[in-house]
Amino acid sequence: MSIRKILLFFCLVASVNSLFAQHATSLNVKLNDDLHQLEIQQELTFVNTSADSLSEIYLLDWANSFSDKTTPLGKRFSEDYLRRFYFAKPEERGHTTIHKLTNSRSQDLVWERPKDKQDIIKVTLPTPLAPNASFEFKLTYTVKIPDEKFTRYGYYENGDLKLRYWYIRPSVYTTEWKAYSHKNLDDQFVPKSNIAITIEVANNKVVTSSLNTSERVVGDKKIVTLTGNNRIENKLYITSENTFDKIITDYTSIETNIDDDDLPEEAKALAVDRILSYLDTELGSYPHEKILVTNEDYLANPVYGLNQLPDFINPFPDGFQYEIKLLKTITNNYLENTLLLNPREEKWVHDGIHIKILMDYVDRYYPKMKLLGSLSDFFGIRWFHAAELEFNDQYPYLFMNMARMNLDQALTTPTDSLVKFNQNIANAYKSGTGFEYLEDYLGTEEVKITMKEFYQNFKLKEVSSTDFMTLLQKNASKDLSWYFEDYVGTNKKIDFRIKRVKKTKDSLTVTIKNKRNAKMPVSLYGIKDGRVITKDWVEPFLGTQTVTIPRDSSERVALNYEGIIPEFNQRDNYKSVSKLTAKPIQFRLLQDIEDPKYAQTFFIPEFDYNIYDGVAIGLKMYNKAVLSKNLAYKISPKYGFGSNTIVGSASIYNTHYFDNSNLNAVRYGVGGTTFSYANDLFYRKYTPYLTFYFRDTYLRNNEKQRLNFRYVAVERDRDQLNVVDEPDYGVFNARYIYSNPNLVNYFSGYVDYQLSDSFSKISASATYRKLFLNNRQLNLRVFAGAFLYNDNTNSDYFSFALDRPTDYLFDYNYYGRSEESGLFSQQIIPAEGFFKSKLEPAFANQWMTTLNGSTNIWKWIFAYGDAGLIKNRGSNPKFVYDTGVRASLVADYFEIFFPVYSNNGWEIAQDNYDEKIRFIVTLDIQTLIKLFTREWY
């Protein structure tokens, strides 16, 4: 054979090998139950599938994400106010200890963990790795498994192990490394691999995986072998008993531990078979023998609404909840394990297909299913618009929740840059709703065809969102550039309105205004008796567009009547043709979901409390539905059973939002309140205001700023026992507020200026909290205020207060604002001096500066100290101080202060000590709700 033929032969062999080259990993694992550790020996083959030569390879060691509080995962937990990781014991956290990392010839390799990326390993190669070439690693390491309470994966108290991201895997290289850190987003980006795992566990353990499984017993140990080709998933369950149901179908088998609501085995098998048959028809066949469908998967990505219902409430047909849970979780696994999309940067394609499958499945098999199920038929509930909503209406609704608050983000935003509500809910729902919008606009099944073709063409192949967009445009009968550019690529809102309608005998000429700068199409309807007579699509446009449609017998014309388009405001989408009004007026008892077909006003019972009015109960009238509105009003009269008088409040405001700007919103309005401020004494407060809201365009940044201008006009009944005070006054107030609240570093502050006929004053305050790595917490607050002039020195009504502000602007939620003794006089407001002991002088009519500090002694028990200088006209500055113990049950919401030592001496040893104890209690529902929702927004 000639040399030329030999070279040709070897080139052919090399090309064939490169064609079938595949990432591969084999692991030999021993489980140490007592220490919650895995001893791992691993061989890993990395194939350079790119066109570049590589001088280093990045490996993902996400098990090491739990090693300390400063990892990207630890920081993410802190950003989301998840305290359990920060305060966890060291033995509850996990980590990886690498003993050896070599090449295939057992030669040590140079490796490091990049700065601030403790879960990434950068391996420097001895020589560059050419395209299509492979490199083999050998690794010996120990994985300490974390407690499950952080992510639901880890060790459980009963000895069970549920593992995910538990061994080292290669990262993906395209034109650059996509080496992402673990941030509890379930979005590890790894190439498909051939996997072989041998694991040694106790004989009484059950091992469950999506891989092919075989096992043998050796003494008191069990050797389990797990194998699979072209795999992405790496979940592994090691439990004391088998908690999984195995359901075999003609398509693939399912192993699941999702709660089955005690359904018969036949019913579960039918549900699984129907789901897999549907996915096989709509997408294509699943390439693996088994799908592992876990309850942990479902809880990480639940059907919101269903997951909020207590177990004893089941308003849906037998098996529906189980089937929908399975459908969502199986579909997610179906896509995750076969489409090699970048889950951090291109998740919108996965989400769109996922949610569209869910919506189409419900439309096919449960076409009349209501969002509230059988609750929609209950007396009282059936009157609500919420009872009329279809099950699939939840998707555009929950997305619109964020759009109305101007917190929506583009679908192309990386998942680690999304606020939690968008990452968990809104962006997926926007993507799925966008597919519905496209399908209705195109009028045929191009979207479904594209989904199926995309799945079949790119299953287990490298793919990107560009491939999906190219395929969708190829299949579409219309230009879709508006969809890719504005709907997917930005957070521009969709909002249209009908400006006017010109009528002739046979036709209607309708002028439509696009209120936003998003060039998108809109549907136009002719309506009679609530039924659709005509439907036309107006092609994408900006500004205004005039179209002519047949009049037929239409009584009204409407835009987006069926609500398929996720439109910002549908309330101005109606115009009358033959009716007196564009839409009927509707009154609703209790708050409801907005129905844009009606002009709605809501009524809801409301109560307040202070010791003078007692319990005040009334009926609030307002126009704000569950979702926010730009223009909102509220009238809330109440009857105070203590004062036997009508009290309450009223307000109206309008908000203008600004997209992608640091100036997030401008709000202006006017409000008024009247309540008792003492026994048989009432105040009336009127406040016009203008507020500018600033927020970083990177919404995960908690930094917020606010600039508020207002005029507070107060009228008070004159107190005959205190004739020095002027009962009526007006104050112009300008305040700048800055806040950046976080679990580890908290900072807030303000600068305040007030001007009245009798005084002018300026003040500033700043609060800082630091949570150190050793769990020590330091709290500092400083206040400084001075009068520019003060003509009212005969009274301390407008003075700075050391411990209990007079609240002449009636801003604070005092339950007994005029009390000088008794329990309600012990309520303290964190404002001005914020001293806990009652000292003299209690007020300053010239200037005052104070410092409050505290640090924890044990968990929620703190030692506090306050110090300050207080200056009154005609007297020297006086130094004041106090110390004590603070029980912070819920910081800023429920706290109790026990004074110990101050200018008054040893207070703890003095008489009537119980009267010296101070407290903070917040009963306002809206304030308390923010405590639980702050991690979501």
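Residues numbered from 1 in each chain as written. Predicted model: local features only at pLDDT ≥ 70, side-chain atom pairs only at ≥ 80, totals over all residues. Heavy atoms only, no water.

(A) Main features of the packing of helix 10 (residues 446-458) against helix 11 (residues 465-475). Running from amino to carboxyl end, helix 10 crosses helix 11 at an angle of 135°, the nearest separation of the two axes being 9 Å. Judged by the inter-axis angle, helix 10 sits oblique to helix 11. For the pair helix 10 and helix 11, the sense of crossing is right-handed. On helix 11, the residues touching Glu446, Val447, Ile449, Thr450, Glu453, Phe454 and Phe458 of helix 10 are Asp467, Phe468, Leu471, Leu472, Lys474 and Asn475. Looking at the contact of helix 10 with helix 11, its residues break down into seven nonpolar, two polar and four charged. (Axes fitted to C-alpha atoms, helices over the stretch in contact; angles between N-to-C directions. Helix = DSSP H or I, 4+ residues; strand = E, 2+ residues; numbered from the N terminus. Parallel < 35°, antiparallel > 145°, perpendicular 65-115°, else oblique. Left-handed = near helix turned anticlockwise from the far one by under 90°. Contact = heavy atoms within 4.5 Å. Nonpolar A, V, L, I, M, F, W, Y, C, P; charged D, E, K, R; others polar.)

(B) Quick look at the sheet that holds strand 21 (residues 496-503). Overall, antiparallel pairing links the three strands, which are arranged 21-22-25 in an open sheet. Strand pairing shows two members of the sheet lacking a second neighbour, strand 21 and strand 25 (544-550), which therefore form its edges. When the angles between neighbouring strand axes are averaged without regard to direction, this sheet yields 25°. The pairing of strand 21 with strand 22 (residues 507-514) spans seven bridges and is classified as antiparallel. Residue pairing in the sheet places Arg500 in a bridge with Thr511 of strand 22. (Pairing = 2+ DSSP bridges.)

(C) Geometry of the packing of aromatic side chains. All chains considered together, the criterion is met by 60 aromatic pairs. Between the aromatic rings of Tyr729 and Tyr797, the centroid separation amounts to 5.8 Å while the plane-to-plane angle is 70°, which identifies the pairing as edge-to-face. You can see Tyr729 sitting in strand 36 (residues 729-740) and its partner Tyr797 sitting in the loop between strand 39 (777-790) and strand 40 (800-801), a full 68 residues away along the chain. Positioned over the ring face of Phe85 is Arg93, at 5.2 Å from the centre of the ring. (Phe/Tyr/Trp six-rings, centres within 6.5 Å; stacked < 30°, edge-to-face > 60°. Lys NZ or Arg CZ within 6 Å of the ring centre and 35° of its normal.)

(D) Representation of the sheet that holds strand 3 (residues 54-60) within the structure. With antiparallel pairing, the four strands of this open sheet are ordered in space as 5-6-3-10. Of all strands in the sheet, those with a lone pairing partner are strand 5 (110-112) and strand 10 (169-170), marking the two edges. Direction of pairing for strand 3 relative to strand 6 (residues 120-129): antiparallel, over a ladder of six bridges. Paired with Glu56 across the bridge in strand 6 is Thr124.

(E) Molecular detail of the environment of Lys149. With respect to the secondary-structure elements, Lys149 resides in the loop between strand 7 (134-144) and strand 8 (154-155). Along the backbone, Lys149 and Ile611 are 462 residues apart, and their C-alpha atoms lie at a distance of 44 Å. Beyond its immediate sequence surroundings of up to four residues, Lys149 is in contact with Arg84 and Glu92.

(F) Representation of the pairing of strand 31 (residues 631-640). Sheet topology places strand 30 (residues 614-622) next to strand 31; five bridges connect them, and they run antiparallel. Counterpart to Tyr622 in the pairing with strand 31 is Lys634. Relative to strand 32 (residues 645-657), strand 31 runs antiparallel, the two being bridged by ten bridges. Counted as the bridge partner of Pro637 is Gly648 from strand 32. Joining the antiparallel neighbours strand 31 and strand 32 is a turn of four residues, in which Asn644 adopts a positive phi near 55°.

(G) Molecular detail of the pattern of salt bridges. Inspection of the entire model under this criterion finds 55 salt bridges. One salt bridge in this structure joins Arg516 and Asp659, with 3.9 Å as the shortest N-O distance. Here Asp659 lies in the loop between strand 32 and strand 33 (663-678) and Arg516 lies in the loop between strand 22 and strand 23 (520-528), a separation of 143 residues in the sequence. (Salt bridge = Lys/Arg side-chain N within 4 Å of Asp/Glu carboxyl O.)

(H) Inspection of helix 4 (residues 265-282) at higher detail. The first and last C-alpha atoms of helix 4 sit 26 Å apart over 18 residues, in line with the 26 Å expected at 1.5 Å per residue. All of the buried residues in helix 4 are Lys268, Ala271, Val272, Ile275, Leu276, Tyr278, Leu279 and Glu282. Seen from one end, helix 4 has its buried residues packed into an arc of 155°, which puts them on one side. Exposed residues on helix 4 whose side chains face more than 90 degrees from its buried face are Glu266 and Leu270. Against the buried residues of helix 4 lie strand 18 (245-248), strand 19 (253-256), strand 20 (290-293), helix 6 (320-336), helix 7 (347-365) and helix 10. (Expected span 1.5 Å × (residues − 1). Buried < 20%, exposed > 50% of the residue type's maximum accessible area, 1.4 Å probe, protein only. Arc of directions from axis to C-beta.)

(I) Up close: helix 11. Looking at helix 11, one finds that the buried residues are Ser465, Phe468, Leu471, Leu472 and Asn475. Here the buried residues of helix 11 occupy an arc of 125° about the axis, which is enough to place them on one side. Facing away from the buried surface of helix 11 by more than 90 degrees, the exposed residues are Thr470 and Lys474. Each element contacted by the buried residues of helix 11 is listed here: helix 7, helix 9 (420-442), helix 10 and helix 12 (481-488).

(J) Main features of the nonpolar core. Counting residues in hydrophobic clusters, the biggest one holds 103 residues, and the most contacted among them are Ile353, Phe454, Leu480 and Tyr483. With near-sequence residues (within four places) excluded, Leu480 lies in contact with Leu438, Tyr441, Leu442, Leu472 and Gln473. Judged by nonpolar contacts, the second largest core, of 51 residues, contains Val29, Leu38, Ile40 and Trp177. (Core = buried A, V, L, I, M, F, W, Y, C linked by side-chain atoms within 4.5 Å.)

(K) Region of the structure containing the packing of helix 9 against helix 12. Closest axis-to-axis distance for the helix 9/helix 12 pair is 12 Å, and the angle between their directions is 155°. By the angle class used here, helix 9 and helix 12 are roughly antiparallel. Crossing of helix 9 over helix 12 shows right-handed handedness. Between helix 9 and helix 12, the residues in contact are Lys430, Thr433, Gly434, Phe435, Tyr437, Leu438 and Tyr441 and Trp482, Tyr483 and Tyr487, respectively. Residue composition of the contact of helix 9 with helix 12, grouped by class: seven nonpolar, two polar and one charged.

(L) Up close: the environment of Ser26. Following the sequence through the fold, Ser26 ends up in strand 1 (residues 24-32). Given the relative accessible area of 29%, Ser26 is considered partly exposed. Expressed as a C-alpha distance, the spacing of Ser26 and Thr227, which sit 201 residues apart in the sequence, is 9.0 Å. In this view, Ser26 contacts Gln41, Gln42, Glu43 and Ala196; residues no more than four positions away in its chain are not counted.

(M) Region of interest: a nonpolar patch on the surface. A contiguous nonpolar surface patch, about 680 Å² in accessible area, is contributed by Tyr711, Phe732, Tyr736, Val751, Leu755, Ile762, Leu788 and Tyr789. On the secondary structure map, Tyr736 appears in strand 36. Take Tyr736: its relative accessible area is 33%, and that puts it in the partly exposed class. (Patch = residues over 30% accessible without salt bridge, like charges linked within 9 Å, V, L, I, M, F, W, Y side chains within 5 Å. Areas by Shrake-Rupley, 256 points an atom, 1.4 Å probe, with all protein chains shown as cover.)

(N) Looking closely at unusual backbone geometry. Cis geometry marks the peptide bond from Glu840 to Pro841, where omega comes out at 0°. Residue placement: Pro841 occurs in the loop between strand 40 and strand 41 (843-844). Positioned with a positive phi, Asp552 is a non-glycine residue whose angle comes to about 45°. With respect to the helices and strands, Asp552 occurs in the loop between strand 25 and strand 26 (556-559).

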